[in-house]
Amino acid sequence: LLSEQYDARTAEAHYNLGNALFQKGQIDDAVAQYRKAVEVNSDYTAEAHYNLGNAFLRKEQLDEAIAHYQKAVELRPEHANAHNNLGNVLRQKGLPKEAILHFRKALMNDPGSVLFQNNLAWMLATCSDPSLRDGAKAVELAERANQLSGGDNPNFLHTLAAAYGESRRFSEAIATAQRGLELADAQGNIALAESLKRELVLYQTGMPYHEPIE
């Protein structure tokens, strides 16, 4: 029993040190500490794998990030953040079907998350594979995320505009994209503003926005 308590305290120390190093941007050192936490005490395994995934994502080593996120959700199927982050990386890897699956699982485990609602809505509205798109569901999710966030988040308005576009509700897509563009400009979010400008042209010509095929 004393040995188990010691291992738990040691694992917690490695885990907390890993978090501190991660926050300071010392990613390789953080990775080493998370690995030690896993070795010492299995109670920290799922969360350490999740943080290892975050660390490898920061290092842009996507395959390693995927492996650790997958391990985290295998150990803790209810880990909503791990499912969400895994979905984001799978999307970057050009695996939309798998990404949607994990966004759904993230939302199932945390139905009130506006971020998870937004991420799933974006995929259902803009996915390059038409068989995976669902405009009506995208609108439902995006409207809810926009409402819960107060209606002034340009990222959520970006998604809502795309959902309206996929549902051929182009007047609403145009108005929503224009509002998002105003907010993005006001916040100095140049990348988002440029995306909204390009997509606004599509809506004005009666076309939805879809992500390019990988």
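Procedures and definitions
Counting restarts for each chain: residues are numbered from 1 in the order of the written sequence. Given that the model is predicted, a residue must reach a pLDDT of at least 70 before its local features are reported, and side-chain atom pairs must reach 80 or more before they are shown or counted; all residues, however, enter totals for whole chains, interfaces and linings. As a convention, hydrogens and water are excluded, and side-chain values are obtained from all of the structure's heavy atoms. The numbering of helices and of strands both runs from the N terminus, where a helix is a DSSP run of H or I of at least 4 residues and a strand a run of E of at least 2. Burial status follows relative accessibility: with a 1.4 Å probe on protein chains alone, a residue under 20% of its type maximum counts as buried, one over 50% as exposed, and anything between as partly exposed. Residues are treated as being in contact if the distance between any of their heavy atoms lies within 4.5 Å. His residues and chain termini do not enter the charge count, which takes Lys and Arg as positive and Asp and Glu as negative. The location of each charge is read from NZ of Lys, CZ of Arg, CG of Asp or CD of Glu. Any Lys or Arg side-chain nitrogen found within 4 Å of a carboxyl oxygen on Asp or Glu counts as a salt bridge.

The next thing to look at is the overall build of the protein. Secondary structure assignment for the protein yields 11 helices and 0 strands. The helix and strand sequence of the protein, counted from the amino end, reads α-α-α-α-α-α-α-α-α-α-α. The principal-axis extent of the C-alpha atoms belonging to the protein is close to 70 × 35 × 30 Å. For the protein, the proportion of its 214 residues judged to be buried stands at 48%. Restricting the contact set of the protein to residue pairs at least 6 apart, pairs at least 24 apart contribute 52%. Positive and negative charge centroids in the protein, built from 21 and 28 side chains respectively, lie 1 Å apart.

Before going further, it helps to examine the pattern of salt bridges. This structure, assessed with the given rule, holds 12 salt bridges. Glu 211 is the partner of Arg 91 in a salt bridge, and the nearest nitrogen-oxygen pair spans 2.4 Å. On the criterion of sequence distance, the pair formed by Arg 91 in helix H5 (residues 80–92) and Glu 211 in the segment after helix H11 (190–204) is long-range, its members being 120 residues apart. With a closest N to O distance of 2.8 Å, Arg 169 and Glu 172 form a salt bridge. Taken together, the salt bridges that share partners define one network made up of Glu 47, Arg 76 and Glu 78.

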